[in-house]
Amino acid sequence: MKIDVMSHTSQFLDDDLVKKYSSRKSEVFQSLDCAHMNGWLNPDVSVVDEILKIRDKVLSHSKCLVVIGIGGSYLGSQAFYQMFTPYFKEQDFKIIFAGTTLSSSYMRELLDYLETVDFSVNVISKSGTTMEISLTYSAIKEVMEKKYKKEELLDRIIITTDPVKGNLRREVEEVGYSSFEIPDNIGGRYSLLTPAHLFPLSFCLDIKELISGYFEGLKYKDEAFSYAVCRRSLFDQGKVVESFVAYENNWYYYLEWLKQLFGETEGKSGVGVLPVSMIHTRDLHSLGQFIQEGNKIVFETFFKIKNMPNCNVCGDDLHQTNLLVEDSVISAHVSGGVPCVEIELEKLTPKFMGEISSFFLLVAAYSGYLFNIDPFNQPGVEVYKTEVRSRLEK
Ligand code: PA5
């Protein structure tokens, strides 16, 4: 992984701000080292064999796994599933992601579909109290209870939740479903290397590769801090929006993962860089106009992949054309007053994606500390939940 924070940002950055935030390095590192919720810096992955065992059991009787989760506890799974599943080739086994909507038409169609297929369910909720998850799980369990015998459900319902607390853990203890634990000191959006993500991902990629990349990525502490300083300084200079830009269509959910990570980590106490995302070249023909000539509140982070499968079109390797366009866009945007960070991956593999992802976890945590907020809570999310509860009780 090559991280180029400075080449296309230094001409925009205020040196005094960079100095000011850089000088906080040891304080920021210490804050993270002492944080209660820093379990993701050294996650216990000894559960991998158990994950693979339960995956094999699911594969032996199911054609589909319904992953019920929302927010940081599940988005990494949807991101990597999209990235590492072929665009068009029919799959013998598929993952359906549910729990992110209260749309009745989606739910109706999902329940009708599940009547027709052999499936298992992985319910993921650290708190065990998230409304969307509880409703979706109840609806799907009703279908399962009609369709399968009680003892079959023991093999088809897998619950991932807090080790001791919550309704879901109670259900595991009472009924005996298979279960995984999300450690107390790892929050949803930092849970990539817990079973919340590793179990669903074991169906679509080599999780051992992902794990080894993840531990590599944690070594990029200095680079992550420089990037956090750059973001923090640009924010003070009025660049309050970061656009994550990819040149591969199957990065859509990965960019959603980044938005979730930074949005919930930083957006507190009236501060935070607003994360947005774009897939090029599609979005060059929409928001590209705004970026080039509109309000100068945006900086961009471009993802570049050095090697992709070869596809010759009109005598040229299409990927080289894609990269040429990417470099041209960076030059054009820089000339239009937009600072650009570049992150290059050698190729698109679970190992490299593990590496880049843990790097981003570091960037998010460091950025939070540079904004003087707690990177690991999300008190604002509670406000809508309280409002919903009070209306439901009326
Ligand atoms: O990143 C986070 O911590 C949140 O987005 C949570 O993952 C999300 O709110 C779901 O919470 P839970 O896993 O408790 O159902």
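Residues numbered from 1 in each chain as written. Predicted model: local features only at pLDDT ≥ 70, side-chain atom pairs only at ≥ 80, totals over all residues. Heavy atoms only, no water.

1. Observations concerning empty space enclosed by the protein
Inference 1: Evaluated as defined, the whole model comprises 1 cavity of 30 Å³ or more.
Inference 2: Space inside the largest cavity adds up to approximately 60 Å³.
Inference 3: Contributing to the lining of the largest cavity are Ala246, Tyr247, Glu248, Trp251, Phe303, Lys304, Ile305, His319, Asn322, Leu323 and Glu326.
Inference 4: Residue assignment for the lining of the largest cavity shows that the elements contributing at least two residues are strand E9 (298-307) and helix H14 (318-335).
Inference 5: Tallied by class, residues from the lining of the largest cavity come to 6 nonpolar, 2 polar and 3 charged. (1 Å grid on protein atoms, 1.4 Å probe; cavity = no way out; pocket = protein on both sides within 12 Å on 5 of 7 lines; lining within 4 Å. Points joined across faces, edges and corners; volume = space filled by probe spheres on them. Helix = DSSP H or I, 4+ residues; strand = E, 2+ residues; numbered from the N terminus. Nonpolar A, V, L, I, M, F, W, Y, C, P; charged D, E, K, R; others polar.)

2. Considering the layout of surface pockets
Inference 1: If you add up the space inside the largest pocket, you get close to 990 Å³.
Inference 2: Forming the walls of the largest pocket are 36 residues, and the residues nearest its centre are Ser127, Thr130, Gln378, Val381 and Lys385.
Inference 3: Going through the elements one at a time, strand E4 (119-125), helix H6 (131-147), helix H12 (252-266) and helix H16 (381-393) are the ones with two or more residues in the lining of the largest pocket.
Inference 4: If one sorts the elements of the lining of the largest pocket by residue count, H16 sits on top with 7 residues.
Inference 5: Tallied by class, the residues present in the lining of the largest pocket amount to 13 nonpolar, 13 polar and 10 charged.
Inference 6: As for the second largest pocket, its lining consists of 20 residues, of which Tyr81, Thr85, Pro86, Lys94 and Ile95 are closest to the centre.

3. Digging into the sheet that holds E4
Inference 1: Within the open sheet, the 5 strands sit side by side as E3-E2-E4-E5-E6. Their pairing is parallel. Taken across any chain shown, the strands that pair with only one partner, and hence form the sheet edges, are strand E3 (94-98) and strand E6 (178-181). Averaged over all adjacent pairs, the angle separating strand axes in this sheet is 20°, with direction ignored.
Inference 2: In this sheet, strand E5 (residues 157-161) lies alongside E4 in parallel orientation, the contact comprising 5 bridges. Looking at the pairing, isoleucine 124 lines up with threonine 160 of E5.
Inference 3: Relative to the sheet, helix H8 (residues 167-175) contacts E4, E5 and E6, its axis offset from that of E5 by approximately 135°. (Pairing = 2+ DSSP bridges. Axes fitted to C-alpha atoms, helices over the stretch in contact; angles between N-to-C directions. Contact = heavy atoms within 4.5 Å.)

4. Focus on helix H1 (residues 15-22)
Inference 1: By the burial criterion, the buried members of H1 are Leu17, Val18 and Tyr21. Take H1 and look down its axis: the buried residues cluster within an arc of 100°, on one side only. Away from its buried face by more than 90 degrees, H1 exposes Asp15, Asp16 and Lys19.
Inference 2: Summarising the contacts, the buried residues of H1 are in contact with helix H2 (25-34), helix H11 (221-236) and helix H15 (350-370).
Inference 3: The distance from a side-chain oxygen at the start of H1 to the backbone nitrogen of aspartate 16 is 2.8 Å, and the residue carrying that oxygen is aspartate 14. (Buried < 20%, exposed > 50% of the residue type's maximum accessible area, 1.4 Å probe, protein only. Arc of directions from axis to C-beta. Polar contact = N/O pair within 3.5 Å; in protein donor to acceptor, adjacent residues only side chain to side chain.)

5. Here we look at the pattern of salt bridges
Inference 1: Tallying each qualifying case throughout the model produces 22 salt bridges.
Inference 2: For arginine 55, the salt bridge is made with aspartate 56, and the minimal N-O distance between the two is 3.0 Å.
Inference 3: A relative accessible area of 40% places aspartate 56 in the partly exposed class.
Inference 4: Where arginine 282 meets aspartate 283, a salt bridge forms, and the shortest distance between an N and an O atom there is 2.9 Å.
Inference 5: For aspartate 283, a relative accessible area of 9% puts it in the buried group. (Salt bridge = Lys/Arg side-chain N within 4 Å of Asp/Glu carboxyl O.)

6. A word on unusual backbone geometry
Most of the time, phi is negative for any residue but glycine, and the peptide bond is trans.
Inference 1: With an omega dihedral of 15°, the bond running from histidine 280 to threonine 281 counts as a cis peptide bond.
Inference 2: By secondary structure assignment, the location of threonine 281 is in the loop between strand E8 (274-279) and helix H13 (287-293).
Inference 3: Phi at serine 269 takes a positive value of approximately 50°, unusual for a residue other than glycine.
Inference 4: For serine 269, the location among the structural elements is in the loop between H12 and E8.
Inference 5: Relative accessible area serves as the criterion here: at 68%, serine 269 is assigned to the exposed category.

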